[in-house]
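# Tertiary structure, described
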Amino acid sequence: MKNIQTVLTALLCRALFFLIRCVWFILPPRFIILLGGPGAGKGTLATQLAPALGLAHLSTGDAFRRELAAKTKFAEQVESYIKAGKLVPDDLTLQIVRRELMRLRYWRGAVFDGFPRTRAQAEMLTQLLESWGVKVERVILLEVEEPVLIERLSLRRTCSNKSCGRSYHLKYEPPKEADICDACKSPLYQRSDDVPEVIRERIETYRRESKPLCDYYQGNLVSVKSTLGMTKEEVFAKVKAALLG
Ligand code: AMP
């Protein structure tokens, strides 16, 4: 009985995927990548941009944190990398991304936040999208100077409610009530990788592994400068103008 159910579910998924691909023929899905160092504001931008474009937000960092919270089989394998500010190995990251993209919520496309982060990930994404007959539409690089990244990460506090996940800057965008999220009233916390030693490692990893992706996406990349004190609305307005331009 269980076998029949599994076969039927698999058949149903295939039929659904076929149907979605037929729709894609007329209305292709859109995939947008946000590049930038840790603390550049990719997550904040993605939460504004994705709904504005009618797309889903895919953050690999959030996906990993969900695995950790749910103590899944991946959790053990990824935990040490995240804690040390190192990149999770490509094969694990790619498994997570493939699995995510199979979810129905991505059927119109996605704004990628924190993915790809290495050349191998970028090449895999190109191949996967090619096999679906689509391409990355645009890559947005959020350019932020390193001292600003360090300050933002050290003063960042994040909502502990996973379905909210809002982040605050203690100096420029503090919560109304100390350590409590304005939006959902859950406690705020400091991410374990938002501490000085790990921040340095994450910035170094970005410089070494992810910055070279600007060359990979050359020709399809728009660069937006985000300076200290710029509000998220100002950054969003700049990105929208760059996307339209
Ligand atoms: P983020 O929330 O994007 O700052 O990511 C937090 C951590 O998750 C990173 O420091 C990495 O350890 C891991 N991570 C997120 N995205 C990726 C990725 N695309 N490839 C490898 N590791 C990743």
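As the structure is a computational prediction, the values presented were derived from the model and not from experiment.

Each value, and the rule that gives it
Residues numbered from 1 in each chain as written. Predicted model: local features only at pLDDT ≥ 70, side-chain atom pairs only at ≥ 80, totals over all residues. Heavy atoms only, no water. Helix = DSSP H or I, 4+ residues; strand = E, 2+ residues; numbered from the N terminus. Rg over C-alpha atoms; globule rule 2.2 N^0.38 Å. Buried < 20%, exposed > 50% of the residue type's maximum accessible area, 1.4 Å probe, protein only. Contact = heavy atoms within 4.5 Å. Areas by Shrake-Rupley, 256 points an atom, 1.4 Å probe, with all protein chains shown as cover. Axes fitted to C-alpha atoms, helices over the stretch in contact; angles between N-to-C directions. Parallel < 35°, antiparallel > 145°, perpendicular 65-115°, else oblique. Left-handed = near helix turned anticlockwise from the far one by under 90°. Nonpolar A, V, L, I, M, F, W, Y, C, P; charged D, E, K, R; others polar. Near = heavy atom within 4 Å. Polar contact = N/O pair within 3.5 Å; in protein donor to acceptor, adjacent residues only side chain to side chain.

Below, the discussion takes up the overall build of the protein chain. Each helix and strand in the protein chain was counted, giving ten helices and eight strands. For 245 residues, the compact-globule estimate of 2.2 N^0.38 gives 18 Å, and the C-alpha radius of gyration of the protein chain, at 19 Å, lies within 12% of that figure. With the principal axes as the frame, the protein chain shows a C-alpha extent of 55 × 45 × 35 Å. When each of the 245 residues of the protein chain is scored for burial, the buried share is 42%. If you take every contact in the protein chain between residues at least 6 apart in sequence, the share linking residues at least 24 apart comes to 70%. Summed over its atoms, the accessible surface of the protein chain is roughly 13600 Å², and 58% of this surface lies on carbon and sulfur atoms.

As a further point, take the packing of helix α4 (residues 73–84) against helix α5 (residues 90–101). Closest axis-to-axis distance for the α4/α5 pair is 11 Å, and the angle between their directions is 135°. Overall, the two elements α4 and α5 adopt an arrangement that is oblique. Read as a crossing pair, α4 and α5 show a hand that is left-handed. Along its contact with α4, which presents Phe-74, Gln-77 and Val-78, the element α5 presents Leu-92, Gln-95, Ile-96 and Arg-99. In the contact of α4 with α5, the residues fall into four nonpolar, two polar and one charged.

Within the secondary structure layout, Ala-178 lies in the loop between β6 (167–169) and β7 (188–189). The class for Ala-178 is exposed, based on a relative accessible area of 63%. Taking C-alpha positions, Ala-178 is 28 Å from Ala-84, a pair spaced 94 residues apart along the chain.

With that out of the way, let us pick up the site of the ligand. Neighbouring the ligand are 16 residues, the closest being Thr-60, Arg-65, Lys-86, Gly-114 and Arg-117. Contact between the ligand and Thr-60: a nitrogen atom at 2.8 Å from a side-chain N or O atom of the residue. Note that a nitrogen atom of the ligand is positioned 2.9 Å from one of the backbone N or O atoms of Gly-114. Protein chains bury 95% of the 480 Å² of accessible surface belonging to the ligand in isolation. Among the elements that line the shell around the ligand, the one with the most residues is helix α3 (residues 60–70), at four residues. Class assignment for the residues of the shell around the ligand results in five nonpolar, five polar and six charged.

Glancing now at the environment of Glu-143. Mapped onto the elements of the fold, Glu-143 is located in strand β4 (residues 138–143). You can call Glu-143 partly exposed: its relative accessible area is 34%. Separated by 25 residues in sequence, Glu-143 and Thr-118 place their C-alpha atoms 18 Å apart. Glu-143 has contacts with Ser-223, Val-224, Lys-225 and Ser-226, leaving out every residue within four places of it along the chain.

Any functional reading would require information that these geometric values do not contain.
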